[in-house]
Amino acid sequence: MSNASPSLARRLGRFLRASLFVQVACALVAGVVVGGVWPQVGSSVQPLGDGFVRLIKAMIAPLVFCVVVTGIAKAGDLKAFGRIGLKALVWFEVATTVALAVGLLAGNLVRPGSGMNVDPGSLDASAVDAETGGGELPSTSEFLLHSLPDSAVGAFAENSLLQVLVLACLAGAAVLHLGHTKVPAILPAVEQAQEVVFAIVGFVMKLAPLAVFGATAHLVGEYGLGALSTYGKLIGVCYAVALVFLLLLGLALKAFTGVSLWKFVRYTREELLLALGTASSETVMPRMMQKLRHAGCRDDAVGLVLPTGYSFNLDGASIYLSIATLFIAQAVGVDLTLGQQVTVVLVLMLTSKGMAGVPGSAFLALSATASALGVIPAGAVALLLGVDRIMDTMRVATNLLGNCVAVFAVSKWEGALDRTRAREVLDGEHEFVEERDAGAVRSAPGEGTAGAAPAPAAVAPEKDTPAPAPPAAGGGSAG
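Source: prediction; values computed, not measured.

Per the secondary structure count, the chain includes 24 helices and zero strands. Burial statistics for the chain: of 479 residues in total, 53% are counted as buried. Of the contacts formed within the chain by residues at least 6 apart in sequence, a portion of 84% connects residues at least 24 apart. When the accessible surface of the chain is summed, it comes to about 20500 Å², and 65% of that surface belongs to carbon and sulfur atoms.

What follows is about the packing of aromatic side chains. As enumerated under the stated definition, the model contains three aromatic pairs in all. With a centroid separation of 5.7 Å and 70 degrees between ring planes, the pair formed by Phe-65 and Phe-156 is classed as edge-to-face. With Phe-65 in helix H4 (residues 46-75) and Phe-156 in helix H8 (residues 152-157), this residue pair connects regions lying 91 residues apart in the sequence. A residue is classified by how much of its surface remains accessible, and Phe-65, at 21% relative accessible area, is partly exposed.

Our focus in this paragraph is unusual backbone geometry. Note: most peptide bonds trans; most residues except glycine with negative phi. Located in the positive-phi region is Arg-111, a residue other than glycine, with phi close to 55 degrees. Positive phi is not limited to glycine here, since Ala-279 has a value of about 55 degrees. Within the element layout of this structure, Ala-279 appears in the loop between helix H15 (269-278) and helix H16 (285-294).

A separate point is the UniProt feature "transmembrane region" (unreviewed entry) in the chain. This chain's UniProt record puts "transmembrane region" (unreviewed entry) on residues 20-38, 58-76, 88-110, 152-176, 196-219, 231-253, 319-350 and 362-385. Segment residues 88-110 splits into 100% helix and 0% strand. End C-alpha atoms: 33 Å apart. Taken end to end, residues 196-219 is 92% helix and 0% strand, and its two terminal C-alpha atoms sit 33 Å from one another.

Further remarks concern helix H17 (residues 299-312). Taking 1.5 Å per residue, 14 residues should reach 20 Å; H17 reaches 20 Å between its end C-alpha atoms and fits that length. Within H17, 14 of the 14 residues are buried, which leaves it mostly tucked inside the rest of the structure.

Once that is clear, we can look at the environment of Leu-274. When you line up the elements, Leu-274 lands in helix H15. Along the chain, Leu-274 and Val-212 lie 62 residues apart, while their C-alpha atoms are 6.7 Å from each other. If sequence neighbours within four positions are ignored, Leu-274 has contacts with Val-24, Phe-52, Met-205, Ala-208, Val-212, Thr-283 and Val-284.

With that settled, consider the environment of Asp-427. Mapped onto the fold, Asp-427 is located in the loop between helix H22 (419-426) and helix H23 (438-442). Remark: the alpha-carbon pair of Asp-427 and Tyr-267, spanning 160 residues in sequence, is separated by 8.7 Å. At 2.7 Å, the side chain of Asp-427 forms a polar contact with the side chain of Lys-263.

Conventions and cut-offs
- Residues numbered from 1 in each chain as written.
- Predicted model: local features only at pLDDT ≥ 70, side-chain atom pairs only at ≥ 80, totals over all residues.
- Heavy atoms only, no water.
- Helix = DSSP H or I, 4+ residues; strand = E, 2+ residues; numbered from the N terminus.
- Buried < 20%, exposed > 50% of the residue type's maximum accessible area, 1.4 Å probe, protein only.
- Contact = heavy atoms within 4.5 Å.
- Areas by Shrake-Rupley, 256 points an atom, 1.4 Å probe, with all protein chains shown as cover.
- Phe/Tyr/Trp six-rings, centres within 6.5 Å; stacked < 30°, edge-to-face > 60°.
- UniProt positions renumbered as here; feature names shortened; annotations may be inferred.
- Expected span 1.5 Å × (residues − 1).
- Polar contact = N/O pair within 3.5 Å; in protein donor to acceptor, adjacent residues only side chain to side chain.

As structure tokens, then:
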């Protein structure tokens with residue numbers, strides 16, 4: 001008995017150290033307990049989560065730049081990159097519209113706000129201004145203009161992903177135009193910088209359990225669980241609709257690419273749990289880029305589609321905004337006509353594109369929608385102040401999975417997806433090991449190692465027929 005106990009303890013310790021998923025799950029439970037039992041302590045540990053998010057965000061801009069530049073240079077075809085961008089925008093618009101439509105349908109069927117009979121005059125509209133900091137969403141022209149950098153340094157300093165993407169596309173096109181003979185050192189330098197960034201991300205990820213503990217304890221300690229009883233119907237509808245939307249997305253993904261969304265969720269369970277715990281999908285963007293490339297998506301598709309989706313493909317936010325609009329209308333006794341609901345879809349299709357990175361963006365989008373309709377009092381938006389933070393889990397999970405599905409779908413559409421590789425990785429035949437040589441972990445099948453000339457297979461069309469397994473050094477195989 002005495003010999004067995006230390007052995008069991010050592011095995012448990014090794015398991016906890018080896019599994020980020022278990023560490024984050026334990027931190028999540030601990031955060032809920034601390035926030036519920038000691039609310040003041042829960043609120044005081046918020047800097048643990050905020051600090052982690054800041055460290056990860058600091059790496060996103062250089063990472064996106066490096067991945068996109070190397071993706072364009074290795075693909076060797078600037079027109080293909082343009083096609084990927086166009087197809088991504090088409091997919092984003094279709095997915096967002098479906099999310100809005102499903103949300104409105106559920107809001108009409110369930111009517112989460114009916115029976116509340118709220119007097120708009122009793123609501124404090126200034127509370128919304130305090131939440132948003134008096135800001136406003138950019139217009140379409142302002143949004144497009146802001147996506148163009150006026151300073152190369154400023155784009156990185158402000159962590160503006162769209163501006164960084166534009167710079168990366170220009171730099172990648174320039175490297176491709178000049179060729180490896182005129183600038184032989186540029187591409188290897190960018191690839192080496194990419195290795196450094198991924199290494200830093202690996203260091204920061206070791207702090208993920210502390211970040212999840214701090215963010216969860218703060219959420220529970222600050223807001224409590226009282227909102228669940230007051231807004232239970234609205235919360236239940238939003239989460240149920242998000243689940244239905246993801247099921248539809250999974251069916252579309254399976255039919256279009258043959259990739260199983262459930263297997264992908266299992267493959268990225270650590271990243272998904274971290275995103276849920278920190279209420280931020282940006283914290284897992286670097287790891288998601290690694291795992292998508294490891295799963296057979298070509299570098300240029302991953303580098304362009306995933307970061308762009310963070311601004312253009314907010315499926316979870318679209319579901320929430322459509323249901324929330326109907327909720328506040330029903331709560332104050334306003335029945336929206338079919339024409340007005342179509343207006344809701346059109347307005348939200350525009351306003352949702354400018355939400356990323358804007359404080360209180362959900363309230364700004366709802367206020368803009370209410371103003372466009374002209375029949376919902378602006379102060380009614382304040383009804384959602386007590387529940388908006390609880391919706392973060394739904395929005396983060398749906399947004400993140402929606403963007404990953406978009407990467408697979410657009411990659412398949414452009415012929416930049418190795419379906420054999422994707423199937424093998426999601427079936428567990430090729431283990432993702434971050435500590436292994438970065439080139440071995442992230443290289444798509446057919447790519448050379450860092451600094452080597454791109455192999456023809458890197459731009460080959462999608463492999464629909466079984467292909468020989470890639471060598472262990474380039475595929476990150478578990479052996």
